[in-house]
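If you want the building blocks of each chain, they are given just below.
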2 protein chains.
Amino acid sequence: MLIKDLSIMEDGRLLRDVNIAIDGSRIAGIGPGVADESGDGEVIDGSGKLAIPGLVNAHTHLAMTLFRGYADDMELLPWLSEKIWPLEAKLTAEDVRWGTKLGCLEMIRGGITCYNDMYYFMDETARATKEMGLRAFLSEVVFDMRPDQIERAEPFVKRWKGDDLIVPALGPHAVYTCSEETLLKSKEIAEKHDVMLHIHLSETRSEVESFEKNCGKSPVEYLDSIGFLSDRVVAAHCVWLSERDISIIAERGVTVAHCSISNHKLASGIAPLDRLARTGANICLGTDGASSNNSLNLFHEMKTTAIAQKCAHSRPDLFSAGEVWKMATENAYAAFGLDLGIRAGALADLALIDLQKPWFFPLTDGNILSHLVYSAQGGVDTTIVDGNVLMKGGVIPGEEAILERAQEQFLDLLAR
Amino acid sequence: MLIKDLSIMEDGRLLRDVNIAIDGSRIAGIGPGVADESGDGEVIDGSGKLAIPGLVNAHTHLAMTLFRGYADDMELLPWLSEKIWPLEAKLTAEDVRWGTKLGCLEMIRGGITCYNDMYYFMDETARATKEMGLRAFLSEVVFDMRPDQIERAEPFVKRWKGDDLIVPALGPHAVYTCSEETLLKSKEIAEKHDVMLHIHLSETRSEVESFEKNCGKSPVEYLDSIGFLSDRVVAAHCVWLSERDISIIAERGVTVAHCSISNHKLASGIAPLDRLARTGANICLGTDGASSNNSLNLFHEMKTTAIAQKCAHSRPDLFSAGEVWKMATENAYAAFGLDLGIRAGALADLALIDLQKPWFFPLTDGNILSHLVYSAQGGVDTTIVDGNVLMKGGVIPGEEAILERAQEQFLDLLAR
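Residues numbered from 1 in each chain as written. Chains lettered and ligands numbered in written order. Predicted model: local features only at pLDDT ≥ 70, side-chain atom pairs only at ≥ 80, totals over all residues. Heavy atoms only, no water.

## Comments concerning the nonpolar core
Alright, step 1. In terms of nonpolar packing, the biggest core is built from 118 residues, with Ile52, Phe67, Leu223, Phe299, Trp325 and Leu372 of chain A touching the most fellow members.
Alright, step 2. With 7 residues, helix 2 (residues 93-109) of chain A is the single largest residue contributor to this core.
Alright, step 3. Structurally, this core is a two-domain feature, drawing no fewer than three residues from each of domain 1 (2-53 + 348-399) and domain 2 (55-335) of chain A.
Alright, step 4. Discounting residues that sit within four places of it in the chain, Phe67 of chain A has contacts with Ile84, Leu87, Glu88, Leu91, Tyr119, Ser291, Phe410 and Leu413 of chain A.
Alright, step 5. By size, the runner-up hydrophobic cluster in this structure holds 117 residues, among which are Leu14, Trp79, Ile166 and Tyr374 of chain B. (Core = buried A, V, L, I, M, F, W, Y, C linked by side-chain atoms within 4.5 Å. Buried < 20%, exposed > 50% of the residue type's maximum accessible area, 1.4 Å probe, protein only. Helix = DSSP H or I, 4+ residues; strand = E, 2+ residues; numbered from the N terminus. Domains from an automatic or database assignment. Contact = heavy atoms within 4.5 Å.)

Have a look at this one:
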C-alpha cells in the first residue's frame, strides 16, 4: 500500500509531500520519492492530510459504551448502585459484543488504534475488537465479589497469548475490591505469562481515606509493600496521591493512565500530574468508559488534561501541547511496548487527518502540535491498524448496521 | 424551504419525523405533515438528523482567529506583551476581514449562528460576517490607550443600527483599561441608541486585587457605583467575584458570558457559576478568541463548563446537561433579545446534526441532551441563519478559498 503526497511531523514541524509505503503490518518506507513494493497496488491519496501515529487509549471499559448517556449528573454511589450495577447484573456476552463494536467505531473515528481495557466477557471483547481490526490490551476484570472472575483470568491469557492484535493482561480491579491473595495471584499469573497488570488506583478521596483508615497505609504504599508494583503495572486515575505515593510510582516504573474528563465529570478531583511528571513517572491518557466520560476521544482528553492542569496550578506555561501529545503517543508506546511511530519499520498503526479544516488554520511550520491538541475538532479521515485500512475518507464499512444493532441490544438490555 | 422528516427536541425528548417549513427569515411551521408555502421549492432531506436552534457564542474576538496557535503555553503577561500586542500593533482591516471569515467558517461548522464580539476594525468584521451570513452583536473595542476608538464607537452604531444581521453595541474593554469618563460615555451612547454594552469583568485574580487596592472597591462594586450595570450589560469572564459582587450582578440583570476553556488555558481560574446561578444571574457561554482557546466550539465549551464546575464543587450532580444546554441557547436568546427556537414564528437560525454517528448511540428518548453536551464530536451537517443555508451536507461554498486567503494574510502579517 502507498499513501501519497501527505504531510508528517518531525520534531513538531510539518514535513510536506512525502509518501508512506506499507508492506504487511509494517511501514516499509517514508520519504518524498518512496515507492510501493508490497505489490498489493493499493494507493491512498494523502494530499492535504497529515499522518499521525495511532493514539493509545490507556484506560477504558469499551463494552460500557452501550451505557452512554444512560445516567449522568449523579453522585458516584447512587450512579453505581441504582444505575450501573443493576444493568451489569443483567449483562450478557452479546451486550459486551455490541458495546465493544460501538466503542471501536468511535475510536476509529478518533484516530485511536490501540486501547487498554478491563471488563467482563473479555473473549467477546477480544473477538469483536479483532473483527473491527483494532489493537487492544485486554483483561478479565478480577473482583472478589465475583470469585469466578479470577478463575477466568489465566485461561483468557492462555487463549489469546500470541495473537497479532489482542494482547491479554491481568486486571485486578482495585485494592478495595480485591483481597491481598487475589492481588498476589493476579501478579503471579501476570509474571508467569509475562503480561501486563491493569488496576484502578486512588481514584476518589473517600476510597483512599477509608483504605488508609483500615489498613494504615495508602493504596500505593500497600501495593508496594506486597511487591505488586513494577513496570508491568498500568494504574488508572491516580488522583489522590501523597508525595511518598508519587515517589513509589516513579521508582517502580508504574505507568499512570490519567483520565481527566472522567475524573472531572464524576467530580473525583484533579490528579497531581505535575509532581508525577517531575518525579519521572510515565503518564498516558485514558478516556475511561463512555458511561462516565461520555465520549472516547483522546483529542478532547489531551486538551482537557492540558488546560485543567494549567488552571489547577495557576501556570499557563505548564503542560505544553507537545508534552500532552506525548502522553497519548510515545509515553503509551513505551508503557505497552508498542513499536509505533511514523518511521520505517514501525507497525503500520496510523491515522490521516484532514488539514483542510478551519481549525487547522493558519498553519505555520511550528504550530501543528498546538492545533492537534488545542483546536482539532474531528477530521480524522483514514485509520489504519496493522496495515489494514479500517476507515477511508471518513467511511467505515458496515458502520450503520453496527449502530442499529447496538441500539437494539441496549433496548433489549433495558427491557430484560 | 422545507426540511423533511427530521427530529426535534421537546422538553429534552426526541420527536421524530417532523417537517420544518421556512419562509423568508422565519420558521413558518413545524409538524408531521407541514408543507412548504414559501414557493421557493427548496427541499432539504432531514432524515437521520436533529434540528437544534442556533447556538450563541456570547464572547469572542473573531478576528483573532488569525492568531490561532501563534503563541501557547505562556504566562499571560509575556503572552500579551511579547506576542499578541506586537501583532495587533501591525493589524490592518484586511487582517480583520480574513480572521473574521476564518472564524465564521469554524462557527458555521459548529452550529453557532450568532456571536458577540469586541475588537478593532469592526466595520470590516461586520461586512465579512454579513458576507458569511451569520448574525452578530459587534462593538468597536473602547480602550483609553487608543483614544481614537471611543470616537469610532457611536458612528459605528449609527451605521449598522437596523441591519438585518448585524446588531451594533458598545464595547468598553474593562475597568482597568477605561477611565470612568470613558465607561460613562460608553453607557450614554448605548442608552441613547438602545444598544448593548459588552465588557470584560474580573477575569484574573491579579487584575481584581490591584483594582481593589487602588480603588477600594471591587470592579463590580465600582461599576455599580457609577450606574454602569443593567440588563443591557454582557460581562465576559466574571471569575473572581465576592458574594456581594454576585448579588449585584444578579440584581442588576447583568448577563455573564462564561468562558471556561479560555479561563482554564490561561490559568485565570474557575468562575463561581453555582453561586451565580443560585443567585439568579443569567449565564451564557463564550469561546473567547481562538488565540486563547484555541477553538470556537460551543459543544466543547458546554462539556468543559459542566465537568469543570462539577469537579470544582465536588458535586457530580451539579450543572446537568440540560442546564448547560440552556446557557448556549435560551439564556443567550434572553440576554440578546433573540426570537429563536425550533418553533413556528421564530427566526430560522438553526443547525441540523447528523445523528447517525457512534457518539449519539445508544439513543433513547431521554438522553439526547446528554449526548449533545457530553458526547457530540462534530457532525453538524447543515447550518441555516435568517433562513439562508450557510452549510449543507457539510459543505460551505467557497470555504477552501477562504482558508487559503486567511493563511496568506497571516503570513503577510508575520512578515510585515
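## So, the relation of the copies chain B and chain A
Alright, step 1. Superposition record for chain B on chain A: RMSD 0.0 Å, screw rotation 180 degrees, translation along axis 0.0 Å. On the angle and the small slide along the axis, the relation comes out as a two-fold axis. It is Gly378 of chain B whose C-alpha, among those of chain B, lies nearest the rotation axis, at 3.2 Å.
Alright, step 2. Comparing interface residues between copies, 100% of those in chain B also lie at the interface in chain A; the contact surface is shared. (Least-squares fit on C-alpha atoms with pLDDT ≥ 70 in both.)

## Quick notes on the domain arrangement of chain A
Residues and elements named next belong to chain A.
Alright, step 1. Taken as a whole, chain A is organised into domain 1 (2-53 + 348-399) and domain 2 (55-335).
Alright, step 2. With 23 residues of domain 1 at the interface, the matching set in domain 2 holds 26 residues.
Alright, step 3. Between domain 1 and domain 2, roughly 2100 Å² of surface is buried when both sides are summed, and carbon and sulfur atoms account for 66% of that area.
Alright, step 4. When the area that domain 1 buries against domain 2 is broken down by residue, the three leading residues are Pro53, Val373 and Tyr374, summing to 29%. (Buried area = accessible area lost by both parts, 1.4 Å probe.)

## Topic: the UniProt feature "binding site: Zn(2+)" (unreviewed entry) in chain A
Residues and elements named next belong to chain A.
Alright, step 1. Under the UniProt annotation, the feature "binding site: Zn(2+)" (unreviewed entry) is placed at His59, His61, His200 and Asp288. A maximum C-alpha distance of 11.8 Å places the annotated residues, which cover 230 residues in sequence, within one compact spot. Put simply, the named residues that line the largest pocket are His61, His200 and Asp288.
Alright, step 2. Relative to the elements of secondary structure, His59 occurs in strand 6 (residues 55-60).
Alright, step 3. Residue class for His59 comes out buried when judged on its relative accessible area of 0%.
Alright, step 4. His59 has contacts with Asn116, His198, His200, Ala236, His237, Ala257, Cys259, Leu285, Gly286, Thr287 and Asp288, leaving out every residue within four places of it along the chain. (UniProt positions renumbered as here; feature names shortened; annotations may be inferred. 1 Å grid on protein atoms, 1.4 Å probe; cavity = no way out; pocket = protein on both sides within 12 Å on 5 of 7 lines; lining within 4 Å.)

## Things to note about the layout of surface pockets
Alright, step 1. The volume enclosed by the largest pocket comes to roughly 1200 Å³.
Alright, step 2. Looking at the largest pocket, it is lined by 44 residues, and the ones nearest its centre are Leu76, Leu80, Tyr176, Glu203 and Thr204 of chain A.
Alright, step 3. Elements with a minimum of two residues in the lining of the largest pocket: helix 1 (76-89), strand 7 (112-119) and helix 6 (205-215) of chain A together with helix 11 (298-312) of chain B.
Alright, step 4. Take the lining of the largest pocket: its biggest share by element is 8 residues, from helix 1 of chain A.
Alright, step 5. Its residues assigned to classes, the lining of the largest pocket comprises 23 nonpolar, 14 polar and 7 charged.
Alright, step 6. Reported here for the second largest pocket is a volume of approximately 1000 Å³.
Alright, step 7. Every residue lining the second largest pocket is counted, 37 residues in all, and those nearest its centre are Lys357, Trp359 and Gly379 of chain A together with Arg109 and Gly379 of chain B.
Alright, step 8. Secondary-structure elements contributing two or more residues to the lining of the second largest pocket are helix 11 (298-312) and strand 15 (380-385) of chain A together with helix 11, strand 15 (380-385) and helix 15 (399-415) of chain B.
Alright, step 9. Per-element accounting of the lining of the second largest pocket gives the leading share, 3 residues, to helix 15 of chain B. (Points joined across faces, edges and corners; volume = space filled by probe spheres on them. Nonpolar A, V, L, I, M, F, W, Y, C, P; charged D, E, K, R; others polar.)

## Some points on the pattern of salt bridges
All names here are of chain A.
Alright, step 1. Overall, the coordinates contain 60 salt bridges over all chains when judged by the stated rule.
Alright, step 2. The closest approach of N and O atoms between Glu154 and Lys192, which form a salt bridge, is 2.6 Å. A residue pair is termed long-range when its members are at least 10 positions apart, and Glu154 in helix 4 (residues 148-160) and Lys192 in helix 5 (residues 180-193) qualify at 38 residues.
Alright, step 3. Under the relative-accessibility criterion, Glu154 is labelled buried at 15%.
Alright, step 4. Taking relative accessible area as the criterion, Lys192 reaches 58% and is therefore assigned exposed.
Alright, step 5. Taken together, the shared-partner salt bridges in this structure form one network comprising Arg97, Lys101, Glu124, Arg127 and Glu131. (Salt bridge = Lys/Arg side-chain N within 4 Å of Asp/Glu carboxyl O.)

## Some details on helix 12 (residues 321-328) of chain B
Alright, step 1. Buried within helix 12 of chain B we find Ala321, Val324, Trp325, Met327 and Ala328 of chain B. The buried residues of helix 12 of chain B all sit within an arc of 155 degrees when viewed along its axis, so they share a single face. (Arc of directions from axis to C-beta.)

## Remarks on the packing of aromatic side chains
Alright, step 1. Within the structure shown, the criterion is met by 9 aromatic pairs over all chains.
Alright, step 2. Ring geometry for Phe137 of chain B versus Phe336 of chain B: centroids 4.8 Å apart, planes at 50 degrees, classification tilted. You can see Phe137 of chain B sitting in strand 8 (residues 135-142) and its partner Phe336 of chain B sitting in helix 13 (residues 330-336), a full 199 residues away along the chain.
Alright, step 3. Assessed through its relative accessible area of 5%, Phe137 of chain B is described here as buried.
Alright, step 4. Positioned over the ring face of Trp98 of chain A is Arg97 of chain A, at 5.2 Å from the centre of the ring. (Phe/Tyr/Trp six-rings, centres within 6.5 Å; stacked < 30°, edge-to-face > 60°. Lys NZ or Arg CZ within 6 Å of the ring centre and 35° of its normal.)

## Notes on the pairing of strand 9 (residues 166-172) of chain A
Alright, step 1. For strand 9 of chain A, the buried fraction is high: 6 of the 7 residues fall into the buried class.
Alright, step 2. Between the parallel pair strand 8 (residues 135-142) of chain A and strand 9 of chain A, the chain is carried across by helix 4 of chain A, and the sense of this crossover is right-handed. (Right-handed = clockwise from strand over helix to strand, strands pointing away.)

## Some points on the pairing of strand 15 of chain A
Residues and elements named next belong to chain A.
Alright, step 1. Most of strand 15 sits inside the fold, with 6 of its 6 residues counted as buried.
Alright, step 2. Across 4 bridges, strand 14 (residues 350-354) lies against strand 15 in antiparallel orientation. Residue pairing in the sheet places Ala351 in a bridge with Thr383 of strand 15.
Alright, step 3. Bridge count for strand 15 against strand 16 (residues 388-391) is 3 bridges, and the pairing is antiparallel. Within the sheet, the bridge partner assigned to Ile384 lies in strand 16 and is Val389.
Alright, step 4. The antiparallel hairpin formed by strand 15 and strand 16 contains 2 residues in its connecting segment, where Asp386 sits at a positive phi of about 55 degrees. (Pairing = 2+ DSSP bridges.)

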